[in-house]
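# A structural walkthrough
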Amino acid sequence: MFSSVTELAERLYAVRYIVDHVTLHVVFLAAQMRKPLLIEGPPGCGKTELAYAIAEAADTTLERLQCFAGITEEKAIGKFDEPLQKLFLETYAEDLKTEWSVIRERLHTLEFFAEGPLVRALRYQDRSCILLVDEIDKVDHSFEALLLEILSAWQISIPKLGTVIAKSVPFVVLSSNEERRLGDPLRRRCFYLRFENPTVEREIEILTLRSRSRSSKLNGQIAGLARALRGWNLEKPPSIAEMLDLAQALEILGVQEVSDDQRDLLLPLLAKTDADRKRLLLRSGFEGLVADSKRYRDRFMRRERSENVL
Ligand SMILES: Nc1ncnc2c1ncn2[C@@H]1O[C@H](COP(=O)(O)OP(=O)(O)O)[C@@H](O)[C@H]1O
Ligand SMILES: [Mg+2]
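Reading the values: the criteria
Position numbers for residues start from 1 in each chain and track the written sequence from start to end. Chains carry letters and ligands carry numbers; both start at the beginning, A for chains and 1 for ligands, and go up in the order they are written. For this predicted model, a pLDDT threshold of at least 70 governs which residues receive local features, and a threshold of 80 or more governs which side-chain atom pairs are given and counted, while totals over whole chains, interfaces and linings are taken from all residues. Where each domain begins and ends follows an automated or database-derived domain assignment. C-beta atoms are first placed from the backbone for all residues, and any pair lying within 7 Å is then listed as a contact. Note on residue classes: Ala, Val, Leu, Ile, Met, Phe, Trp, Tyr, Cys and Pro are nonpolar, Asp, Glu, Lys and Arg are charged, and everything else, Gly too, is polar. The nonpolar core criterion groups buried Ala, Val, Leu, Ile, Met, Phe, Trp, Tyr and Cys residues into a set whenever they are joined through C-beta atoms within 7 Å. Here a residue counts as buried when 20 or more other C-beta atoms sit within 10 Å of its C-beta, as exposed when there are 12 or fewer, and as partly exposed otherwise, the C-beta atoms being derived from the backbone. Put plainly, near means the residue's C-beta atom, positioned from the backbone, lies within 6 Å of the molecule or strand in question. Every helix listed is a DSSP run of H or I at least four residues long, and every strand listed is a run of E at least two residues long, numbered separately from the N terminus. What a helix is expected to span follows from its residue count: subtract one and scale by 1.5 Å. Two strands pair under a simple rule: DSSP has to find at least two bridges between them. Orientation is described by axes fitted as lines to C-alpha atoms, over the contacting stretch for helices, and by angles from 0 to 180 degrees between their N-to-C directions. Angular relationships are summarised with four words: roughly parallel below 35 degrees, roughly antiparallel beyond 145, roughly perpendicular across 65 to 115, and oblique for the angles in between. Crossing handedness is defined as follows: a turn of the near helix away from the far one that is anticlockwise and smaller than a right angle gives a left-handed crossing, while the clockwise case is right-handed.

## Topic: the domain arrangement of the protein
Looking at the assigned domains, one finds that the protein contains domain 1 (5-74 + 122-194) and domain 2 (200-304). Placing a centre on the C-alpha atoms of domain 1 and another on those of domain 2 gives a separation of 32 Å. Taken residue by residue, the interface counts six residues in domain 1 and nine residues in domain 2. By residue class, the composition of the side of domain 1 that touches domain 2 is three nonpolar, two polar and one charged.

Quick look at the structure:
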């Protein structure tokens, strides 16, 4: 999939995904060793996006199984396409004078099966796809067990149809927001990556790469604001995606620096629950936040200047 770590690094950067040294190497190893990647961390810290970035970097397709409470095997694996089976029987009624067992067998082939993402992922021929099982913490243990067969044997058994064996082994990425603890058998099969909210430096890199703002001063302040907000024990601290939204909003408004008097305007972008909103509405709330964001920004800019001098 990737010939070297350097190639992977360049390609991920080209698709505007920022990785640290460890993540880069673990992704490379997982690709080489055909190991699934299990990524855990809070929402919005780049788990799903990494899977998409790997797919784009490898110039391959991504199959996504979006998990949710109550998901059925049908949704993941697929099901027989009954209307198509009926249509086939009607159309070829004349020719189908064969035995019932032969007809039944004929109807239970992949040709009459509407494939779900798990089956599709196993059927890529020339080039492996990326199989993203997103938010796997939302499903229960029995569903997790279904995945084990795929991850250990690269095959899947389907009633009436038989066993679908992988034509090529997909690169599997499992993401979890940790609403439920995943079982050990699943963990054992994977390489484990733990994502946290980014440091100020990393968030500035992401903002620079993903937002239209090229001002390191403004990006520094937005990243500083994120850092300050995340240190506040909010009910819903802002994710990277929300900071990117803020960057875009500031760009639209032509704002170069966040200041106290923008509180009412920016609150709907930063505080997403009533309790968080009330906290930021306290007299010293937003002012303190803006002061902190400037401090983080200035610290970053000083460090950057001194590095440039060296
Ligand atoms: N390391 C990163 N490099 C570039 N963009 C990132 C990175 N991490 C997060 N993002 C941005 O944050 C957004 C949200 O990330 P996402 O993968 O959806 O979070 P998660 O799946 O962890 O909840 C992405 O769409 C992307 O714009
Ligand atoms: Mg996600």
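## Examining the nonpolar core
One finds Ile54, Ile130, Val133, Val173 and Ile222 to be the most contacted residues of the largest nonpolar core, which totals 67 residues. Taken together, domain 1 (5-74 + 122-194) and domain 2 (200-304) each give at least three residues to this core, which thus spans both.

## Quick notes on the site of ligand 1
Around ligand 1, the surrounding shell holds 16 residues, and the nearest of these are Gly46, Lys47, Thr48, Glu49 and Ala241. Secondary-structure elements contributing two or more residues to the shell around ligand 1 are helix 3 (47-57), helix 10 (200-210) and helix 12 (240-253). In the shell around ligand 1, the residues fall into eight nonpolar, four polar and four charged.

## Describing helix 11 (residues 216-230)
Compared with an ideal rise of 1.5 Å per residue, which puts 15 residues at 21 Å, helix 11 spans 21 Å between its outermost C-alpha atoms and is within 8% of the ideal. In terms of residue burial, helix 11 counts as a mostly covered element, since 11 of its 15 residues are buried. Of all the positions in helix 11, only Leu218, Asn219, Gly220, Gln221, Ile222, Ala223, Gly224, Leu225, Ala226, Arg227 and Leu229 are classed as buried.

## Comments concerning unusual backbone geometry
Despite not being glycine, Glu135 has its phi angle at roughly 60°, a positive value. Looking at where Glu135 falls in the secondary structure, it is placed in the loop between strand 5 (130-134) and helix 8 (141-153). Judged by C-beta crowding, with 19 C-beta atoms within 10 Å, Glu135 ranks as partly exposed.

## Considerations on the sheet that holds strand 2 (residues 62-66)
Across the sheet, which stays open at both edges, the five strands sit in the order 2-5-8-1-9 with parallel pairing between neighbours. Each end of this open sheet is capped by a strand with a single partner; those strands are strand 2 and strand 9 (191-194). Each strand of the sheet is rotated relative to its neighbour by a mean of 20°, with strand direction disregarded. Alignment of strand 1 (residues 37-40) against strand 9, held across four bridges, turns out to be parallel. Following the sheet pairing, Ile39 is matched in strand 9 by Leu193.

## A look at the environment of Ile158
If you trace the backbone, Ile158 turns up in strand 6 (residues 155-158). Of the residues examined, Ile158 has 19 C-beta atoms within 10 Å and is grouped as partly exposed. Taking the C-alpha atoms as reference points, Ile158 and Arg279, 121 residues apart in sequence, are found 53 Å from one another. If near-sequence neighbours (up to four positions away) are discounted, Ile158 is found in contact with Ile77 and Val164.

## Here's the deal with helix 8
Over its 13 residues, helix 8 runs 19 Å from end to end, which matches the ideal 18 Å to within 8%, given 1.5 Å per residue. Immediately beyond the C-terminal end of helix 8, within one or two residues, lies Trp154, with a positive phi of roughly 50°.

## Topic: the packing of helix 10 against helix 12
Running from N to C, helix 10 and helix 12 point in directions that differ by 50°, and their axes come no closer than 10 Å. Comparing the axis directions of helix 10 and helix 12 gives the class oblique. Along this stretch, helix 10 crosses helix 12, giving a crossing that reads as right-handed. Residues Glu203, Ile206, Leu207 and Arg210 of helix 10 lie in contact with helix 12, whose contacting residues are Ile240, Met243, Leu244 and Ala247. Residues that form the contact of helix 10 with helix 12 fall into these classes: six nonpolar, no polar and two charged.

## Overview of the packing of helix 11 against helix 15 (residues 283-309)
For the pair helix 11 and helix 15, interaxial distance at closest approach is 7 Å and the crossing angle is 125°. Taken together, the axis directions place helix 11 and helix 15 in an arrangement best described as oblique. With respect to the hand of their crossing, helix 11 and helix 15 are arranged in right-handed fashion. Within the contact between the two elements, helix 11 uses Lys217, Gly220, Gln221, Ala223, Gly224, Leu225, Arg227, Ala228 and Leu229 and helix 15 uses Leu289, Asp292, Ser293, Lys294, Arg295, Tyr296, Arg297, Phe300 and Met301. In terms of residue class, the contact of helix 11 with helix 15 is made up of eight nonpolar, four polar and six charged.

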